[in-house]
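# A look at the structure
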Amino acid sequence: MIDQFTDVVPSFFGMLNQGPLTLTIFLHTVIVLPMFWIYASEKKKLNK
Amino acid sequence: MAKENLSVWTSIPFWRRSAAWVTGFASILLIWLTFDTMGQISMGTEADLAKGITKRVPAPTVINYHIDYKMSEKRGHEVPVIGKKQPFFGKEWSEKEAAALLHLGKLTSQAKNCMNCHTLLGNGAYYAPDLTKAWLDPAWQKSGAMQAMTGKNTVEEAMAEFLQHPSQYPTHARMMPNLDITAEEAKGLVAFLKHMSSIDTNGFPRNFSKTVDQFKNGGTNAH
Amino acid sequence: MLTSIKSNHLTSSGQRLGMMYFRVAIILFGAQLLMGLIAAIQFIYPAFLFELFDFSVARMVHINALVVWMLYAMIGATYYMLSDETEHEGVAIGLGKLAFWVLTLAVTIVVLVYIFIQIGPGKESTIWLINEGREYIEAPRWADIGIVVVVLIFYWNVFATYLAGKKTGIMTVMVANLLALAGLYLAGMFFTDNISMDQFWWWWVIHLWVEATWEVFVGTLAAYALIKIIGAKREVVEMWLWIEVLMLFGSGILGLGHHYFWIGTPEYWWEIGALFSALEPVPLIAMFVHVLYDWGKEQGINGEKPAINNGPAMAWLVTNAFGNFLGAGIWGFFHTLPQVNIYTHGTQFTAAHGHLSFFGAYATILIGTMYLGLQGAYGVKQMKATFNSKMGLFLSTFGVLGMGVALTIAGYEQVLVERAELGAGWNAFFVAQDLPWYVQAQLWRAIMGVVTLLGFVYLVLDLLTIGKKARAAEA
Ligand code: HEM
Ligand code: HEM
Ligand SMILES: [Fe+2]
């Protein structure tokens, strides 16, 4: 699953980029997850 | 009615906060990525070249070396290969001279508006051939049409001659116009093109000007 | 001539200033089309104007006029909606007028220099005085600095008026977005010997304009127009606007990666560019659905009164919703994955996408806003489409679509023969350019370009006369 590092020099993002769409899925997840929290907090406000 | 207003999905504050979060965070990521990339694409040094350290964008003194573009097993595509020393316009250029020449070349490429006919690294206009790997193009090599036509016997001299009098050496009905390029500027432009061909473009253009046999052998067009 | 478009009925000086910007925009649009035709003819007859007015010159003026007329129309649209939305006259419209004249003078000088001086020696002075030689942002450095000053005045006007007046959601998005839009221009204002670094920052301007900030601008403009034209409900429209901002910036900012596949930048951009930009069409679908949904819904409500109070503006708005989705969304998606882009990068395919997207996403809605402006300028309650409005819309859209199809075919030939078969060298390029079907496609592009120009003629005719006619009909 984890490929050998192929790019010219290793870097943080390069490390994450070592399998099928690993880097981009990671970034998407990090962006979307906090929206659940925003949703929950808005829900609480609305219910009040 | 009251119940409807309870849905978070139709609440403006929810979308506003989400928009702010996503925009802000994506921007931060972009800035972080930009710093990382800038480190990787800033020019290398002569010391890197001498020690054989691979840089995505080598030092201007790369013009003193032989450049090739070969299939890399590890990378899975073609990469520039910097080889042995090779004279450029008959001499070896010091770090200072090479940097000045590249500066002149890059400046001239903008002053003459190359990008509004050609593509550089694939970006620009589509009226004339891509210049990314022009330095390595078979047309300019020993047995190529351009050396024969210009009567020169190195790539750099053939290119410089062509650039100064392009419409004297037409290959097609569509010609390059005369842009009042001086001899000095032409040298600079050739240095700029040679430098560009040494940039690691992640395999673009793919299968550069090769026959199937050459490609299978991991071969190349450069001399 | 264009001063015959009256703005007497506009009570706000900000709106009158907006109309001034529209007039210049439409003239530059005409110049853009003429230059495009010259360049298109040169593809077919390379001897046409050779070493007199070369392809590079025609093309430079073509795309610069494009960018500048759109910026003019955007500034005009902003001034136009500013006083409406904030219910405030505008804090420094007099200064704004001065900035308008300064900008217009600068643009005139820049264009004259492009046309008559064209190029210079390989020195810094050329970049400062003649042209910077970087596609789309060729304006010489002196003009860059002038533009920054003028834009600062413009932005100050918008921002201070926003602070002084009513703060709607639409204006909040507008004010924040314009700051980013203006700030991005600075990323294109430096020189470097490193071509990779050069293009890295060049794309910050180009991509983060057209695929982030300009798109959000279109979102705000569409929101405003829907309220004005069909009386859409503000709460609904503003909710959609925030969703659009979320999706546009969420995908568009990191979607920038689709330009970092091959310019010397690291391989990790392949993944980032691929998936984020692949999501860019999603908000464009959302905007399309939104406009059509509102249109359908609002039309059913008022039985006796026609629901649409500005026919041509609405028609252009719907064309925008569709064109944005088609040109940017579908044509963009076609070549946005690195596996595809390695072959299509820098071919006529890119040009096909460029035409469909700039026209579909921006030209359309900006023209629609001009009709909105005319309605206000002549003080008419009900603006109906005339024969000229219909011909203008139909012919220009049909023409651009035709050019897009022709260029897509040309690009397809080029990808297969030049790129896949022969490997992108000098010779490969010319072999593909000489293919009969490629040549035919270039011919069709020129023909469709003439159709587009014809549509433009009808459009100008209509803009000059529709107000008077509508006014007479209502009197
Ligand atoms: C009379 C109609 C038109 C003609 C004949 C025409 C022709 C051309 C030509 C010949 C080029 C150069 C392409 C190349 O480098 O190979 C070009 C580029 C371009 N034109 Fe047009 N054009 C027309 C209308 C438009 C319109 C209406 C728009 C947008 C609203 C537009 C936007 C562009 C853009 C963005 C480019 C740069 C494309 C790229 O670099 O990928 N053009 N046009
Ligand atoms: C209204 C929005 C858009 C406009 C006005 C636009 C315009 C353009 C233009 C003019 C170019 C050519 C730049 C050059 O001259 O080199 C371009 C390139 C490109 N666009 Fe767009 N675009 C838009 C949206 C999109 C979207 C949504 C996508 C993806 C889903 C996309 C994907 C691409 C890609 C991949 C390229 C690079 C083409 C190449 O490698 O040659 N664009 N765009
Ligand atoms: Fe883009």
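Here's what I pulled together on the structure shown here. (Residues numbered from 1 in each chain as written. Chains lettered and ligands numbered in written order. Predicted model: local features only at pLDDT ≥ 70, side-chain atom pairs only at ≥ 80, totals over all residues. Heavy atoms only, no water.)

### Considerations on the packing of aromatic side chains
Going through the model one piece at a time under the given rule, you end up with 53 aromatic pairs over all chains. On the basis of an interplanar angle of 85° and a centroid distance of 5.8 Å, the ring pair of B:Trp140 and C:Trp426 is categorised as edge-to-face. Separated into two different chains, B:Trp140 in the loop between β4 (123-124) and α4 (145-150) and C:Trp426 in helix α15 (residues 426-433) make up a pair that spans both. Classification of C:Trp426 as buried rests on a relative accessible area of 12%. (Phe/Tyr/Trp six-rings, centres within 6.5 Å; stacked < 30°, edge-to-face > 60°. Helix = DSSP H or I, 4+ residues; strand = E, 2+ residues; numbered from the N terminus. Buried < 20%, exposed > 50% of the residue type's maximum accessible area, 1.4 Å probe, protein only.)

### Quick word on the coordination of the iron atom of ligand 1
Residues and elements named next belong to chain C. In this structure, His62 (NE2) and His355 (NE2) serve as the protein donors to the iron atom of ligand 1, at separations of 2.0 Å. With six donor atoms in place around the iron atom of ligand 1 and angles of 87 to 179° between them, the coordination shape is octahedral. Taken together, the residues His62 in helix α2 (residues 55-86) and His355 in helix α13 (residues 348-377) connect sequence positions 293 residues apart. His62 sits in the buried class, given a relative accessible area of 14%. (Donors = N, O, S within 2.8 Å, 3.2 Å for Na, K, Ca; no water. Tetrahedral: all angles 85-135°; square planar, octahedral: opposite > 155°, others 65-115°.)

### A closer look at the environment of C:Phe387
Residue and element names in this part refer to chain C. Positionally, Phe387 belongs in helix α14 (residues 387-421). You can call Phe387 exposed: its relative accessible area is 56%. Between the alpha carbons of Phe387 and Ile466 there is a distance of 10.0 Å; along the sequence they are 79 residues apart.

### Section: the site of ligand 1
The environment of ligand 1 is made up of 27 residues, and the closest members are B:Tyr126, C:Arg59, C:His62, C:Glu135 and C:His355. More than one chain lines the surroundings of ligand 1; the residues nearby belong to chains B and C. Between C:His62 and ligand 1, the recorded distance is 2.7 Å, taken from a side-chain N or O atom to a nitrogen atom. A distance of 3.4 Å separates an oxygen atom of ligand 1 from a polar side-chain atom of C:Gln348. Among the elements of the structure, α1 (13-44), α2, α13 and α16 (436-474) of chain C are those that each provide at least two residues to the shell around ligand 1. Residues of the shell around ligand 1, tallied by class, amount to 15 nonpolar, nine polar and three charged. Formed jointly, the shell around ligand 1 draws a minimum of three residues from each of two domains, domain 1 (1-139) and domain 3 (308-475) of chain C. (Near = heavy atom within 4 Å. Polar contact = N/O pair within 3.5 Å; in protein donor to acceptor, adjacent residues only side chain to side chain. Nonpolar A, V, L, I, M, F, W, Y, C, P; charged D, E, K, R; others polar. Domains from an automatic or database assignment.)

### With respect to the site of ligand 2
The local shell around ligand 2 holds 28 residues, among which C:Glu135, C:Tyr136, C:His345, C:Thr350 and C:His353 are the closest. With respect to ligand 2, the chains having nearby residues are chains B and C. A distance of 3.4 Å separates a nitrogen atom of ligand 2 from a polar atom in the side chain of C:Glu211. Here C:Thr350 contributes a side-chain N or O atom positioned 2.8 Å from an oxygen atom of ligand 2.

These values are about where atoms sit, not about what they do.
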